[in-house]
Amino acid sequence: MSTNFLFKGVEVDERTREYVAKRLGRVIKLVDPVSQFEIEIETDKKGQFRVEIMVKTPRDLYRAEETTESIEGSTDIVIDELESQIDKKKNRFRDLVRRGAR
């Protein structure tokens, strides 16, 4: 597993970086250990923060982004969206296998 952080126009302290890494732990449990994570955090002209997370697995690419007033809020929303994407994909595969086995 590799994790790349990219910050554009924003200074992020260690506490925020640890928060994002901690929240990312929920997604790490759901994907392959050889996955790559790219976290991009930037600020726009209005002062809002945009958080984008891409998860590259050997077979799939999951991506989510959100723009809100705080980095933590954006991170929470993005992590929830990624979890739902991954869960939907895994459940779809499991359901297809079950359906074909009947």
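Rules of the game
Residues numbered from 1 in each chain as written. Predicted model: local features only at pLDDT ≥ 70, side-chain atom pairs only at ≥ 80, totals over all residues. Heavy atoms only, no water. Core = buried A, V, L, I, M, F, W, Y, C linked by side-chain atoms within 4.5 Å. Buried < 20%, exposed > 50% of the residue type's maximum accessible area, 1.4 Å probe, protein only. Helix = DSSP H or I, 4+ residues; strand = E, 2+ residues; numbered from the N terminus. Contact = heavy atoms within 4.5 Å. Pairing = 2+ DSSP bridges. Axes fitted to C-alpha atoms, helices over the stretch in contact; angles between N-to-C directions.

Engineer: Which residues make up the nonpolar core, and what values go with them?
Structural biologist: One finds V27, F37, I39, I53, V55 and L82 to be the most contacted residues of the largest nonpolar core, which totals 19 residues. When residues of this core are traced back to their parent elements, those giving at least two are α1 (14-28), β2 (36-43), β3 (49-56), β4 (61-68) and α2 (71-101). Looking at this core element by element, the count peaks at five residues for α2. If sequence neighbours within four positions are ignored, V27 has contacts with F37, V55, I79, L82, E83 and I86.

Engineer: Can you tell me about the sheet that holds β4, naming the residues and giving the values?
Structural biologist: Read from one edge to the other, the open sheet built from four strands follows the order β1-β2-β3-β4, with strand pairing classed as mixed. One side of each edge strand has no neighbouring strand; the edge strands of this open sheet are β1 (2-8) and β4. The sheet shows a mean angle of 10 degrees between the axes of neighbouring strands, taken without regard to direction. For β3 and β4, the ladder comprises eight bridges, and the chain directions are antiparallel. Note on β4: the bridge partner recorded for R50 is T67. Here α1 sits on the sheet in contact with β1, β2 and β3, set at roughly 140 degrees to β2.

By themselves these figures say nothing about function.
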